[in-house]
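# Reading the structure
Given next are the chains, with one letter for each unit.
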Amino acid sequence: ADEMNPQELTKTLWGLAGMKFEEKDEVMVDKAVTAASQECLKHLPFFSVWDLPRIAVSHVKLGIWNTNLMDAIARRLSPDLQNLEYWSLADLAWCWKQPISPWSKSGGLALKQGAESNNDDILESFLSMVEGQLKKTQKKSGKTTNSAGR
């Protein structure tokens, strides 16, 4: 993972998230995802804002909430939410509403269900900001689906 560029890391995580694994493979997959997550964190400024929602979805689909990575994604995307496409916003809303997310039952406010996040203002309102931008984008585009169609 340390020799992969941001697009390769994104595609690898996306591919892993779409696969079905047997129990015996879980340790290997966990190691691969951990290594890829560490590289994502190290090189987050070099990732496109369109790759980051995919990385978030990949982790959630794999049943992993990497607090450091998800917090970093939220901080990085917060200033650019208005530039994201509808499905990227829907993906983010879907991720942050899943039971694995420490924010899922908070209505957009921080809920520390065992999360070790340093909850600053961006993180406390990230889900609310995503949902607000999603609604604006829905109105502009005429889309009517709620969150992601996962």
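Keep in mind the model is a prediction, meaning the values are calculated, not measured.

### Some thoughts on the nonpolar core
One finds I55, I73, L77, L81, L92, W96 and F126 to be the most contacted residues of the largest nonpolar core, which totals 37 residues. At eight residues, the largest contribution of residues to this core is made by helix α5 (residues 86–97). If near-sequence neighbours (up to four positions away) are discounted, L81 is found in contact with L89, L92, F126, M129, V130 and Q133.

### Here we look at the packing of helix α3 (residues 51–61) against helix α4 (residues 67–77)
Between α3 and α4, whose axes approach to 10 Å, the crossing angle comes to 155°. With respect to their mutual orientation, α3 and α4 come out roughly antiparallel. Where α3 crosses over α4, the handedness of that crossing is left-handed. Two secondary-structure elements touch here, α3 through L52, P53, I55, A56, H59 and V60 and α4 through L69, M70, I73, R76 and L77. In terms of residue class, the contact of α3 with α4 is made up of nine nonpolar, one polar and one charged.

### Quick notes on the pattern of salt bridges
Applying the stated criterion across every chain, the model contains two salt bridges. A salt bridge links K97 to E131, with the shortest nitrogen-to-oxygen separation between them at 2.5 Å. Taken together, the positions of K97 in helix α5 and E131 in helix α6 (residues 121–141) put the pair 34 residues apart, joining distant regions of the chain. K97 gets classed as partly exposed once you look at its relative accessible area, which sits at 37%. Residue classification places E131 among the partly exposed positions, given a relative accessible area of 22%.

### Thoughts on the environment of L84
As for its placement among the helices and strands, L84 is situated in the loop between α4 and α5. L84 sits 46 residues away from V130 along the chain, and the two C-alpha atoms are 9.9 Å apart.

### Some thoughts on the packing of aromatic side chains
All told, the structure shown has three aromatic pairs when counted by the stated rule. Between W65 and W96, the aromatic rings sit 5.2 Å apart at their centres with planes inclined by 80°, giving edge-to-face as the arrangement. Of the two residues, W65 is situated in the loop between α3 and α4 and W96 in helix α5; the sequence distance between them amounts to 31 residues. When sorted by exposure, W65 lands in the same class as W96, which is buried. Through successive ring pairs, a cluster of aromatic residues spans W65, W96 and F126. Its guanidinium or amino end placed over the ring of W14, R54 lies 4.3 Å from that ring's centre, counting from NZ or CZ. Over the ring of W14 we find K61; its NZ or CZ atom is 5.4 Å from the centre of that ring.

So, how was this worked out
Numbering of residues starts from 1 in every chain and runs along the sequence as written. Local features in this predicted model are restricted to residues of pLDDT 70 or higher, and side-chain atom pairs are both shown and tallied only at a pLDDT of 80 or more, whereas totals for entire chains, interfaces and linings draw on every residue. Note that the side-chain values use all heavy atoms of the structure and ignore hydrogens as well as water. Take the buried Ala, Val, Leu, Ile, Met, Phe, Trp, Tyr and Cys residues and link them wherever side-chain atoms come within 4.5 Å; each set so joined is a nonpolar core. For each residue, the accessible area found with a 1.4 Å probe, counting protein chains only, is set against the maximum for its type, and the residue is called buried under 20%, exposed over 50%, and partly exposed in between. Strands are runs of DSSP state E lasting at least 2 residues, helices are runs of H or I lasting at least 4, and numbering of each runs from the N terminus. Between two residues, a contact is recorded if the distance between any of their heavy atoms is within 4.5 Å. Lines fitted to the C-alpha atoms define the axes, with helices restricted to the stretch that makes contact. Angles between their N-to-C directions range from 0 to 180 degrees. Here is the rule for angles: anything less than 35 degrees is roughly parallel, anything more than 145 is roughly antiparallel, 65 through 115 is roughly perpendicular, and the remaining ranges are oblique. Note: crossing handedness is left-handed where the near helix turns anticlockwise from the far helix by less than a right angle, and right-handed where it turns clockwise. By the convention adopted, Pro, Cys, Tyr, Trp, Phe, Met, Ile, Leu, Val and Ala count as nonpolar, Lys, Arg, Asp and Glu as charged, and the other residues, Gly among them, as polar. Between Lys or Arg on one side and Asp or Glu on the other, a salt bridge is scored when a side-chain nitrogen of the former is within 4 Å of a carboxyl oxygen of the latter. Classification of ring pairs rests on two measures: the distance between centres of Phe, Tyr or Trp rings, Trp counted by its six-membered ring, which must be within 6.5 Å, and the angle between planes, read as stacked under 30 degrees, edge-to-face over 60 and tilted in between. The criterion for a charge sitting over a ring is simple: Lys NZ or Arg CZ within 6 Å of the ring centre, and within 35 degrees of the ring normal.

Keep in mind these values describe shape, not function.
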